[in-house]
Amino acid sequence: MQEVVYLSLGSNVGDRSANLAAAIASLRSLGEVTSVSSFYETEPVGFTAQPWFLNCAVKLMTDKTPKQLLADILDLEQKMGRVRAQKNGPRVIDVDILLFGESIVETEGLTVPHSAMHQRRFVLEPLAEIAPEARHPVLKRTIRQLRDALPPGQAVRKLAKT
């Protein structure tokens, strides 16, 4: 059975736009990419002494389990040159599973829904563009409601489509 999965993608090393496009192309081997948000330029959160990110959200239809999808995403990141040298540090590509249908998953290495998504404008702005009425299965609020409840801050700028 296919599940609707929402992913957050980010890059702040090299050609950020090309990195996102390459990751989206690679995700097509894991299921059907049915929607991609605009790209957003976002300030770093946590470790701020690094270049700004480009972020987007992707809707993926897949028949994989959450654990299988995570393994494939980690493989995709590694093939694209991701090195996990510093928490919240610069990266060629970062792909996070935000929502996996209505599933709630808490295992070592994987928490779905993503544990910090409701606090991150760089996640919620792109996600609200493609799935404003999707519902967080734990918080029981829509993505639009979560985004609108964020405090000011976290600069996020939507880029014009090319």
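In case you missed it, the structure is sitting above this.
Residues numbered from 1 in each chain as written. Predicted model: local features only at pLDDT ≥ 70, side-chain atom pairs only at ≥ 80, totals over all residues. Heavy atoms only, no water.

### Considerations on the overall build of the protein chain
To be explicit about the condition: Working definition: helices are DSSP H or I runs of at least four residues, strands are E runs of at least two. Numbering for both runs from the N terminus. The globule rule used here is 2.2 Å times the number of residues to the 0.38 power, and the radius of gyration it is set against is calculated over C-alpha atoms.
Counting secondary structure elements, the protein chain contains 4 helices and 8 strands. Seen in sequence order, the protein chain has helices and strands lined up from the N terminus as β-α-β-β-β-α-β-β-β-α-α-β. The C-alpha radius of gyration computed for the protein chain amounts to 15 Å, which stays within 12% of the reference 15 Å derived for 162 residues, consistent with globular compactness. Oriented by its inertia axes, the alpha-carbon framework of the protein chain measures out at about 40 × 35 × 35 Å.

### Looking at the nonpolar core
To be explicit about the condition: In this text, buried Ala, Val, Leu, Ile, Met, Phe, Trp, Tyr and Cys residues form a nonpolar core when linked through side-chain atoms within 4.5 Å. Relative accessibility under 20% of the residue-type maximum defines a buried residue, over 50% an exposed one, and the middle range a partly exposed one, all with a 1.4 Å probe and only protein chains included. Pairs of residues are marked as contacts when any of their non-hydrogen atoms sit within 4.5 Å.
Of all hydrophobic cores here, the largest spans 25 residues; its most connected members are Leu7, Leu9, Leu27, Val58, Leu69 and Ile97. For this core, the secondary-structure elements that each account for two or more residues are β1 (3-11), α1 (16-27), β4 (53-62), α2 (66-79), β5 (94-100) and β7 (110-112). When residues no more than four places from it in sequence are discounted, the contact partners of leucine 7 are Leu27, Cys56, Ala57, Val58, Leu60, Ile73, Val95, Asp96, Ile97 and Leu98. Judged by nonpolar contacts, the second largest core, of 16 residues, contains Tyr6, Leu127, Ile143 and Leu150.

### What to know about the pattern of salt bridges
Heads up, the condition is: Within this document, salt bridges are pairs made up of a side-chain nitrogen of Lys or Arg and a carboxyl oxygen of Asp or Glu, the two lying within 4 Å of each other.
Counted according to the given criterion, the structure contains 8 salt bridges. Its salt-bridge partner being arginine 16, residue glutamate 41 comes within 3.0 Å of it at the nearest N-O pair. Here glutamate 41 is found in strand β3 (residues 40-42), whereas its partner arginine 16 is found in helix α1, with 25 residues between them in sequence. Judged by its relative accessible area of 22%, arginine 16 is partly exposed. Residues glutamate 41 and arginine 157 are paired through a salt bridge, measuring 2.3 Å at the closest nitrogen-oxygen approach.

### So, α1
Cut-off, in case you're wondering: In a helix, the anticipated span is given by 1.5 Å times the number of residues less one. Think of the arc as the fan of directions from the helix axis to the C-beta atoms.
Its 12 residues give α1 an end-to-end C-alpha distance of 17 Å, which sits within 8% of 16 Å, the value for a rise of 1.5 Å per residue. Three or more residues of α1 are buried, namely Asn19, Leu20, Ala23, Ile24 and Leu27. All buried residues of α1 lie within an arc of 135 degrees about the axis, which places them on one face of the element. Against the buried residues of α1 lie β1, β2 (32-36), β4 and α2.

### Details of a nonpolar patch on the surface
To be explicit about the condition: Nonpolar side chains (Val, Leu, Ile, Met, Phe, Trp, Tyr) within 5 Å and like charges within 9 Å form the patches, drawn only from residues with over 30% relative accessible area and no salt bridge. To be clear on the numbers: accessible area is Shrake-Rupley with a 1.4 Å probe, and residue cover counts the displayed protein chains and nothing else.
Taken together, the side chains of Ile104, Val138 and Leu139 present a nonpolar region at the surface, about 250 Å² in accessible area. Within the secondary structure layout, valine 138 lies in the loop between α3 (121-130) and α4 (143-148).

### Here's the deal with the pairing of β1
Note the following rule: Pairing between strands is defined by DSSP: at least two bridges between them are needed.
Counting buried residues along β1, 7 of its 9 residues qualify, which places the element largely inside the surrounding structure. Pairing between β1 and β5: 6 bridges, direction antiparallel. If you follow leucine 7 over to β5, its bridge partner there is isoleucine 97.

### Re the side chain of serine 8
You can see serine 8 is positioned in strand β1. On the basis of relative accessibility, which here comes to 5%, the residue serine 8 falls in the buried class. If sequence neighbours within four positions are ignored, serine 8 has contacts with Cys56, Asp94, Val95, Asp96, Leu98 and Val123.

### Some words on the environment of alanine 128
Assignment of secondary structure puts alanine 128 in helix α3. By relative accessible area, alanine 128 is classed as buried at 7%. Sequence separation of alanine 128 and serine 37 is 91 residues, and the distance between their C-alpha atoms is 8.8 Å. If sequence neighbours within four positions are ignored, alanine 128 has contacts with Ile143 and Arg147.

### Focus: unusual backbone geometry
Apart from glycine, the bulk of residues carry a negative phi angle, and the bulk of peptide bonds sit in the trans form. In this model, valine 112 is joined to proline 113 through a cis peptide bond whose omega is 0 degrees. By the element assignment, proline 113 lies in the loop between β7 and α3. For lysine 140, which is not glycine, the phi torsion reads 60 degrees and is therefore positive. Following the sequence through the fold, lysine 140 ends up in the loop between α3 and α4. For glutamine 154, which is not a glycine, the phi torsion comes out positive at approximately 50 degrees. The residue glutamine 154 is located in the loop between α4 and β8 (156-158) in this model. Accessibility expressed as a relative area gives 24% for glutamine 154, which makes it partly exposed.

These values are about where atoms sit, not about what they do.
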